[in-house]
Amino acid sequence: QVQLVESGGGLVQAGGSLRLSCAASGGIFKTYGMGWFRQAPGKEREFVASISWSGGTTYYADSVKGRGTISRDNYKNTVFLQLNSLNPEDTAVYYCAANAAGWASNQGYEYDSWGQGTQVTVSS
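The following paragraphs examine the structure supplied in this document. (Residues numbered from 1 in each chain as written. Predicted model: local features only at pLDDT ≥ 70, side-chain atom pairs only at ≥ 80, totals over all residues. Heavy atoms only, no water.)

1. Remarks on the state of the cysteines
By definition, a disulfide links two cysteine residues through a covalent bond between their sulfur atoms.
Piece 1. Tallying each qualifying case throughout the model produces 1 disulfide.
Piece 2. Through a disulfide, Cys-22 is tied to Cys-96; the S-S separation comes to 1.9 Å. Residues Cys-22 and Cys-96 are joined by a disulfide whose S-S torsion is about 40°; by sign, that bridge is right-handed. One end of the pair, Cys-22, is in strand 3 (residues 18–25); the other, Cys-96, is in strand 9 (residues 92–99), and 74 residues separate them in sequence.
Piece 3. For Cys-22, a relative accessible area of 0% translates into the label buried. (Disulfide = S-S within 2.5 Å. Helix = DSSP H or I, 4+ residues; strand = E, 2+ residues; numbered from the N terminus. Buried < 20%, exposed > 50% of the residue type's maximum accessible area, 1.4 Å probe, protein only.)

This is the structure we're talking about:
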């Protein structure tokens, strides 16, 4: 099972940008589909973005479409999430997840491994 460690979260003003990273180890990263999810206080976890093993397929939640970009570097075993035009509704703990089937899934139950999360706080 792959181990995942997120980084890049923090406090940012509304309108700003963040680039989250998720480093993977212990598995064959290039075969995994990867996803980003988030959970705000008092809310359920929600899908943000996903990317297939090859990077050829990506999906985005409507809430980030047009201002979010997921990408991966299979040489560095890392997946990224660039978020622009941040607003307070983006405040959440962001988790990356790995899907051994290699798909770009928007369903949390299809992911086998999860990171510990990184906090993103957007101030108004």
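2. Observations concerning the sheet that holds strand 8 (residues 78–83)
Pairing between sheet strands relies on hydrogen bonds along the backbone, with the strands arranged either parallel or antiparallel.
Piece 1. Pairing in this open sheet of 4 strands is antiparallel, and the strands run 1-3-8-7 from one edge to the other. Unpaired on one side and paired on the other, strand 1 (3–7) and strand 7 (68–73) mark the two borders of the sheet. The sheet shows a mean angle of 15° between the axes of neighbouring strands, direction not considered.
Piece 2. In the sheet, strand 1 pairs with strand 3 via 5 bridges, with the strands oriented antiparallel. If you follow Glu-6 over to strand 3, its bridge partner there is Cys-22. (Pairing = 2+ DSSP bridges. Axes fitted to C-alpha atoms, helices over the stretch in contact; angles between N-to-C directions.)

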